[in-house]
Amino acid sequence: MEKLINGLSVFLSGNYKSKPIIFVHGFPFDRLMWNAQVEEFSMNYFCVTFDIRGLGESSVEDGQFTMEGFVDDLEFLIDELKLNKPILCGLSMGGYISLRAIERFQNKFSGLILCDTKSEADDNQGKLKRAAAIKQINSGDFENFVETFVQNCFGERFVKENNSEYRMVVDRSKKNNPLGVKGCLLAMAGRTDTTESLSGINLPALIICGSEDKLSPPNVMKPMSEKISNSKFVLIEGAGHMTPIENPQEVISAIKEFLTQNDL
Ligand code: MLT
């Protein structure tokens, strides 16, 4: 069932009485990146996906976004849908939102799944890259920005072997409103660093990383996992940054095992 809540395009799947899982997508994608996982887990869980403000079908408004605002949106959804202790699952920018949400209100959740993300804020080089991206979009080169950015997200093997699926993701990403995309770039550039709070996470956590992820590689994600006391690190061999799309089955298996082991 699709719903518009507070300007966000939200998709609900599964039995409302089941344990909720909220999936938060990465940049510059939309909630459809979780299709395989939603299809699988809606059999036994209440799955909530939504388009982050500025992306997909969600509203763009003035395009002035902050990470705090994205976390406010997430909290609003949890309260509005009366979700009881959902499991939170975020990829990359969705992970930044999840980590900050955990920092602000971890007692609202029962478990945490982080895919291909990091706790560090952008360093100077990262901020300059965001600025260059905004400049490129302002110069009218939005489609090339998306093309190059998305290509960097996927592992080479997936692009070669699943080219039509890859092209669909690129083309969908190009349909985003450039203003919304720039707003997300600014929100990511201005986000806080959540590394210090990792040791304070007292939820069971699953950390998933593609072995070929260039944006949040294993040598960044493994140490992050080690800082969370009850966490498990799973490496998806051969996948890049987009593990849930590149190897949906392994991601599903890892999540299933995590949920079972932690009685979630
Ligand atoms: C994402 O996949 O959400 C982005 O790669 C995150 C980023 O650019 O930092």
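As shown above, the structure is provided for reference.
Note that the structure is predicted; figures quoted are calculated from it, not measured.

Undergrad: What exactly am I supposed to notice about the sheet that holds strand β5 (residues 87-91) here?
TA: By way of backbone hydrogen bonds, the strands of a sheet pair with one another, either parallel or antiparallel. One open sheet holds the eight strands; their spatial order is β1-β2-β4-β3-β5-β6-β7-β8, and the pairing between them is mixed. Both edges of this open sheet fall to β1 (2-5) and β8 (231-236), since each of them pairs with a single strand only. Within this sheet the neighbouring strands show an average axis-to-axis angle of 20°, counted without direction. Examined bridge by bridge, strand β2 (residues 8-13) and strand β4 (residues 46-50) share four bridges and lie antiparallel to one another. Note on β4: the bridge partner recorded for Val10 is Phe50. Contacts from helix α3 (residues 93-105) reach β3 (20-24), β5 and β6 (111-115), with the element oriented near 140° to β5.

Undergrad: I would appreciate a short explanation of the packing of helix α2 (residues 67-80) against α3 in the present structure.
TA: Two quantities define a packed helix pair, namely the angle between the axes and the distance from one axis to the other. At a minimum axis distance of 9 Å, the contact between α2 and α3 shows a crossing angle of 70°. When the axis of α2 is compared with that of α3, the two are roughly perpendicular. Packed against α2, whose contacting residues are Met67, Glu68, Phe70, Val71, Asp72, Leu74, Glu75 and Ile78, the element α3 presents Met93, Tyr96, Ile97, Arg100, Ala101, Arg104 and Phe105 at the interface. Of the residues that constitute the contact of α2 with α3, the class distribution is 10 nonpolar, no polar and five charged.

Undergrad: Would you explain unusual backbone geometry in this entry?
TA: Among all residues except glycine, the phi angle is most often negative; among peptide bonds, the trans geometry is most common. The step from Phe27 to Pro28 runs through a cis peptide bond, and the omega angle for that step is 0°. Checked against the element boundaries, Pro28 lands in the loop between β3 and α1 (35-41). Phi is positive for Asn6, which is not a glycine, with a value near 55°. Position of Asn6 among the secondary structure elements: in the loop between β1 and β2. Of the residues examined, Asn6 reaches a relative accessible area of 40% and is grouped as partly exposed. For Glu61, which is not a glycine, the phi torsion comes out positive at approximately 50°.

Undergrad: Quick question: what am I supposed to make of the site of the ligand here?
TA: The environment of the ligand is made up of Gly26, Phe27, Ser92, Met93, Tyr96, Arg130, Phe149, Met188, Leu215 and His241. At 2.5 Å from an oxygen atom of the ligand is found a side-chain nitrogen or oxygen belonging to Tyr96. For the ligand, an oxygen atom lies 2.8 Å from a polar atom in the side chain of Arg130. Considering only residue class, the shell around the ligand consists of six nonpolar, three polar and one charged.

Undergrad: In this structure, what is going on with the environment of Ser211? I would like to understand it.
TA: Here Ser211 lies in the loop between β7 (205-210) and α9 (218-227). Taking the C-alpha atoms as reference points, Ser211 and Thr243, 32 residues apart in sequence, are found 9.4 Å from one another. Among residues more than four places away in sequence, those in contact with Ser211 are Pro218, Leu235, Ile236, Glu237, Gly238 and Ala239.

Undergrad: Please clarify how helix α5 (residues 142-153) should be interpreted in this entry.
TA: Over its 12 residues, α5 extends 17 Å from the first C-alpha to the last, a length consistent with the 16 Å expected when each residue adds 1.5 Å. By the burial criterion, the buried members of α5 are Phe142, Phe145, Val146, Phe149, Val150 and Cys153. Angularly, the buried residues of α5 cover 115° about the axis, an arc narrow enough to put them on a single face.

Undergrad: Just checking my understanding: could you explain the pattern of salt bridges for this structure?
TA: Pairs can form between side chains of opposite charge whenever their charged atoms are close. Applying the stated criterion to the full structure yields 19 salt bridges. In this structure, Glu61 and Arg53 form a salt bridge, with 2.8 Å as the shortest nitrogen-oxygen distance. When its relative accessible area of 10% is taken as the criterion, Arg53 is described as buried. Measuring nitrogen to oxygen at the nearest pair gives 2.7 Å for the salt bridge that ties Arg191 to Asp122. Of this pair, Arg191 sits in the loop between α8 (178-189) and β7 while Asp122 is found in the loop between β6 and α4 (124-138), placing the two residues 69 residues apart along the sequence. For Arg191, a relative accessible area of 7% translates into the label buried. In this structure, a network of salt bridges that share partners links the residues Glu68, Asp72, Glu75, Asp79, Arg100, Glu103, Arg104 and Lys108.

Undergrad: So what exactly am I meant to see when it comes to the nonpolar core here?
TA: Phe27, Met93 and Phe154 are the most contacted members of the largest nonpolar core, which has 89 residues in total. Sorting elements by how many residues they give to this core places α3 first, with seven residues. The contacts of Met93, once residues within four sequence positions are left out, are His25, Gly26, Phe27, Ile52, Leu55, Met67, Phe70, Cys184 and Met188.

Rules used in this analysis
Residues numbered from 1 in each chain as written. Predicted model: local features only at pLDDT ≥ 70, side-chain atom pairs only at ≥ 80, totals over all residues. Heavy atoms only, no water. Pairing = 2+ DSSP bridges. Helix = DSSP H or I, 4+ residues; strand = E, 2+ residues; numbered from the N terminus. Axes fitted to C-alpha atoms, helices over the stretch in contact; angles between N-to-C directions. Contact = heavy atoms within 4.5 Å. Parallel < 35°, antiparallel > 145°, perpendicular 65-115°, else oblique. Nonpolar A, V, L, I, M, F, W, Y, C, P; charged D, E, K, R; others polar. Buried < 20%, exposed > 50% of the residue type's maximum accessible area, 1.4 Å probe, protein only. Near = heavy atom within 4 Å. Polar contact = N/O pair within 3.5 Å; in protein donor to acceptor, adjacent residues only side chain to side chain. Expected span 1.5 Å × (residues − 1). Arc of directions from axis to C-beta. Salt bridge = Lys/Arg side-chain N within 4 Å of Asp/Glu carboxyl O. Core = buried A, V, L, I, M, F, W, Y, C linked by side-chain atoms within 4.5 Å.

Distances and angles like these do not, on their own, reveal function.
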